[in-house]
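Report on the structure
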Amino acid sequence: ISIKSTTGNDLTATEKATLISNLAPFTVASITPVIVDPQTTRLILNVSFKFDSSRTTETQASLISKVNSDLQTYNTNTLSKFDSAFRHSKITGIIDDADPSITSNITTLTLSHNLAPTLNTATNYTIQLNNAFYNPHSGHNASSGGILSSTGFKVSGNTTNAQFFDDDGEGNIRRYYVVSGVRQYQDSTAGTINYSTGEIKINSVNITSIENVDGAASTIIRLTAIPDSSDIIPVRNQILEIDFVNTTINGTVDTTAVGDTSAGAT
């Protein structure tokens, strides 16, 4: 049994135990109920829309606010619940319809998962995002870190350098730190990534501390990956939510629509 609470927080151990106790009179001998936390997969959007300035008195900032508000409504009413898929065409339609002056948009997305590691203990981690990752050929983007990235953390044996995860485009997760802008790989086989199934496996690693995330102290490491499809389908107890902290929304004047072809129009 997986339950999403109205507060957005996972149930406490006490609440889970109480529910199991309350369910006991209704279960049969061959069934043992177990309550597990929902798995939340966050979607980071990069939205760029164009608008016809001759058709509106809205400013660029107010149009961005309108788009953000409509995406918030979609996130609350359609996503953030079990069995609710993210449809790219639906999102682009919501953005276009946010204001009559918006003429078009290009919207891309990245998958995000918050990993809460066990500190000071060597631990393996498996993350199931349940959607294929982008990997058009073996070794794709290996020199620049593949399609997987993470926020920083420190490990036992090297508590000086903040480390990060990426992939080599061949199914291997790598762990590295940065010196003078250059990645120094400490472990080139730190885990595996299955591009077809969306599974991330991190081999046993002793994480001692976590770097700030989004400019604040954190208890999680954020893993991000580029999906193969712009439609994201949740599986079992997976819930999709838009990450508005890291989503970016930009608007520019559609110079074609207003008859101005100058490159500097904004």
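Our subject is the structure listed above.
A short tour of the structure in this document, coming up. (Residues numbered from 1 in each chain as written. Predicted model: local features only at pLDDT ≥ 70, side-chain atom pairs only at ≥ 80, totals over all residues. Heavy atoms only, no water.)

**Let's talk about the nonpolar core**
Core analysis: the largest hydrophobic core is formed by 45 residues, its most contacted members being Leu43, Phe86, Phe133, Ile200 and Ile202. Non-local contacts of Leu43, meaning those with residues more than four positions away in its chain, are made with Leu79, Phe86, Leu109, Thr110, Leu111, Ile232, Leu240, Glu241, Ile242, Asp243 and Thr247. (Core = buried A, V, L, I, M, F, W, Y, C linked by side-chain atoms within 4.5 Å. Buried < 20%, exposed > 50% of the residue type's maximum accessible area, 1.4 Å probe, protein only. Contact = heavy atoms within 4.5 Å.)

**Quick look at the side chain of Thr56**
Along the polypeptide, Thr56 turns up in the loop between strand 1 (39-51) and helix 2 (60-77). A polar atom in the side chain of Thr56 sits 2.9 Å from the backbone nitrogen of Glu58. If we skip the residues at most four places from it in the chain, Thr56 touches Phe51, Asp99 and Ser101. (Helix = DSSP H or I, 4+ residues; strand = E, 2+ residues; numbered from the N terminus. Polar contact = N/O pair within 3.5 Å; in protein donor to acceptor, adjacent residues only side chain to side chain.)

**Side note on the pairing of strand 2 (residues 102-115)**
Here ten bridges tie strand 1 to strand 2, and the two strands are oriented antiparallel to one another. Residue pairing in the sheet places Phe51 in a bridge with Ile102 of strand 2. Examined bridge by bridge, strand 2 and strand 10 (residues 221-225) share five bridges and lie antiparallel to one another. When the sheet's bridge partners are listed, Leu115 is paired in strand 10 with Ile221. (Pairing = 2+ DSSP bridges.)

**A word on the packing of aromatic side chains**
Taken as a whole and judged by the stated rule, the model has four aromatic pairs. Judged by centre distance (4.8 Å) and plane angle (35°), the ring pair of Phe153 and Phe165 falls under tilted. With Phe153 in strand 5 (residues 153-155) and Phe165 in strand 6 (residues 158-167), this residue pair connects regions lying twelve residues apart in the sequence. In this structure, Phe153 and Phe165 share a single accessibility class: buried. One aromatic cluster in this structure is built from Phe164, Tyr176 and Tyr185. (Phe/Tyr/Trp six-rings, centres within 6.5 Å; stacked < 30°, edge-to-face > 60°.)

**Thoughts on the layout of surface pockets**
In this structure, the largest pocket occupies an estimated 480 Å³ of space. Put simply, the parts of the chain that give the lining of the largest pocket at least two residues each are strand 1, strand 2 and strand 11 (238-242). No other element matches strand 1, which puts three residues into the lining of the largest pocket. Residue classes in the lining of the largest pocket are distributed as five nonpolar, eight polar and five charged. (1 Å grid on protein atoms, 1.4 Å probe; cavity = no way out; pocket = protein on both sides within 12 Å on 5 of 7 lines; lining within 4 Å. Points joined across faces, edges and corners; volume = space filled by probe spheres on them. Nonpolar A, V, L, I, M, F, W, Y, C, P; charged D, E, K, R; others polar.)

**Quick notes on unusual backbone geometry**
Most peptide bonds are trans, and most residues other than glycine sit at a negative phi. Not every positive phi belongs to a glycine, and Asn120 is a case in point at roughly 60°. As for its position among the elements, Asn120 is in the loop between strand 2 and strand 3 (122-128). With relative accessibility at 53%, the residue Asn120 sits in the exposed group. Notably, Asp214 is not glycine yet its phi reads approximately 55°, a positive angle. By the element assignment, Asp214 lies in the loop between strand 9 (199-210) and strand 10. Asp214 sits in the partly exposed class, given a relative accessible area of 45%.

**So, the packing of helix 2 against helix 3 (residues 88-96)**
In contact at an axis separation of 9 Å, helix 2 and helix 3 are set at 140° when each is read in the N-to-C sense. By the angle class used here, helix 2 and helix 3 are oblique. Where helix 2 crosses over helix 3, the handedness of that crossing is right-handed. Judged by residue contacts, Val67, Asp70, Leu71 and Tyr74 of helix 2 engage Lys90, Ile91, Ile94 and Ile95 from helix 3. Class assignment of the residues belonging to the contact of helix 2 with helix 3 gives a composition of six nonpolar, no polar and two charged. (Axes fitted to C-alpha atoms, helices over the stretch in contact; angles between N-to-C directions. Parallel < 35°, antiparallel > 145°, perpendicular 65-115°, else oblique. Left-handed = near helix turned anticlockwise from the far one by under 90°.)

No statement about biological role is implied by the geometric values presented.
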